[in-house]
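# Working through the structure, step by step
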Amino acid sequence: MENKLNKIALRKQIREAINGMSSELCAKECKNIWQQVASDPIFQRANTVLLYWSLNNEVDTHQFIEEWCKRKNILLPVVNGEYLQLKVFEGIAKMKKGAYGILEPQGEVWKDYDGIDLCIIPGVAFDKQGHRMGHGKGYYDRLLSIVLAAKYGICYSTQLVDEIPTDPWDEEMTKVIYPK
């Protein structure tokens, strides 16, 4: 119960910190994050990358996805009940609002989890040890438990904390990328 209360308080604290960031600072941090990703050897070698279509309080992925979808298979998650399905991004024109008001691709479900080379994952907060805290629904923990690829968490500087309270089912990140 203590972890749950700590996570609730931390989520609130992080939301307030993100809301306090200027749009200029968000843009500057996003640029830094995506430069790090683009120069990363695993990303450079990857053919298939799991990303996410960002919401307002997350590191913006839209421009990065549009830029790289011409050179790599970009997979995006689609909420299906308690689970995430993966679908190939084929352009914004082929997306519709799904669960939680998030735009989701509409093509066939991607089932080749072993064919994923890299996962780039959002979170509410991360620590430098690779722990991730999401929104508390477990969508990404369930998905990432069956994907063997490297898992990179990306976050704004305000989302990086000293320590995340963890539970046994929480999936760890291979690396956390944040503005430097």
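Because the structure is a prediction, the values reported are computed rather than measured. (Residues numbered from 1 in each chain as written. Predicted model: local features only at pLDDT ≥ 70, side-chain atom pairs only at ≥ 80, totals over all residues. Heavy atoms only, no water.)

## Digging into the pairing of strand β7 (residues 118-121)
Of the two faces of β7, both are covered, the one formed by Leu118 and Ile120 as well as the one formed by Cys119 and Ile121. Sheet analysis places strand β1 (residues 48-50) next to β7, joined by two bridges and oriented parallel. Counterpart to Leu50 in the pairing with β7 is Cys119. Across four bridges, β7 lies against strand β10 (residues 150-154) in parallel orientation. Looking across to β10, one finds that Cys119 is bridged to Lys151. (Buried < 20%, exposed > 50% of the residue type's maximum accessible area, 1.4 Å probe, protein only. Helix = DSSP H or I, 4+ residues; strand = E, 2+ residues; numbered from the N terminus. Pairing = 2+ DSSP bridges.)

## A look at the side chain of Lys87
By secondary structure assignment, the location of Lys87 is in strand β3 (residues 83-88). The buried charged residue Lys87 lacks any salt bridge partner; its closest oppositely charged side chain belongs to Glu104, at an N-O distance of 6.9 Å. A distance of 3.3 Å separates a polar side-chain atom of Lys87 from the backbone oxygen of Gly107. In this structure, Lys87 is in contact with Ile74, Leu75, Leu76, Val78, Pro105, Gln106, Gly107, Glu108 and Val109, ignoring residues within four places of it in sequence. (Lys, Arg positive; Asp, Glu negative; His and termini not counted. Salt bridge = Lys/Arg side-chain N within 4 Å of Asp/Glu carboxyl O. Polar contact = N/O pair within 3.5 Å; in protein donor to acceptor, adjacent residues only side chain to side chain. Contact = heavy atoms within 4.5 Å.)

## Observations regarding the sheet that holds strand β11 (residues 160-161)
An order of β9-β8-β11 is seen for the three strands of this open sheet, with the pairing classed as mixed. In this open sheet, the two edge strands, each paired with only one partner strand, are β9 (132-133) and β11. Looking at chain direction, strand β8 (residues 125-127) and β11 are connected through two bridges and run parallel. Across the sheet, the residue bridging to Asp127 is Val161, located in β11.

## A word on helix α2 (residues 23-39)
The terminal C-alpha atoms of α2 lie 24 Å apart, and with 17 residues this matches the ideal 24 Å at 1.5 Å per residue to within 8%. Among the residues of α2, those classed as buried are Cys26, Glu29, Cys30, Ile33, Trp34, Gln36 and Val37. Buried residues of α2 fall within an arc of 155° about the axis and therefore sit on the same side. With respect to the buried face of α2, the exposed residues turned more than 90 degrees away are Glu24, Lys28 and Lys31. (Expected span 1.5 Å × (residues − 1). Arc of directions from axis to C-beta.)

## With respect to the environment of Glu82
By the element assignment, Glu82 lies in the loop between β2 (73-80) and β3. Counting along the chain gives 90 residues from Glu82 to Glu172, while the straight-line C-alpha distance between them is 20 Å. Those residues in contact with Glu82, other than ones at most four positions away along the chain, are Tyr139 and Arg142.

## A word on the packing of aromatic side chains
Here the structure, examined in full by the defined rule, presents six aromatic pairs. Taking the centre distance of 5.7 Å and the plane angle of 20° together, the rings of Trp53 and Phe89 count as stacked. Taken as a pair, Trp53 in the loop between β1 and α4 (62-68) and Phe89 in the loop between β3 and β4 (95-97) lie far apart in primary sequence, 36 residues in all. Each member of the pair, Trp53 as well as Phe89, is classed as buried. With a centroid separation of 6.2 Å and an interplanar angle of 75°, the aromatic rings of Tyr100 and Tyr139 are classed as edge-to-face. Linking Tyr100 in the loop between β4 and β5 (103-105) with Tyr139 in helix α5 (residues 139-144), this pair joins segments that are 39 residues apart in sequence. Counting every residue linked through ring pairs, the aromatic cluster contains Trp34, Phe43, Phe64 and Trp68. The aromatic ring of Phe43 is capped on one face by Lys72, whose charged end is 4.7 Å from the ring centroid. Stacked on the ring of Tyr139, the Lys or Arg Arg142 has its end atom at 5.6 Å from the ring centre. (Phe/Tyr/Trp six-rings, centres within 6.5 Å; stacked < 30°, edge-to-face > 60°. Lys NZ or Arg CZ within 6 Å of the ring centre and 35° of its normal.)

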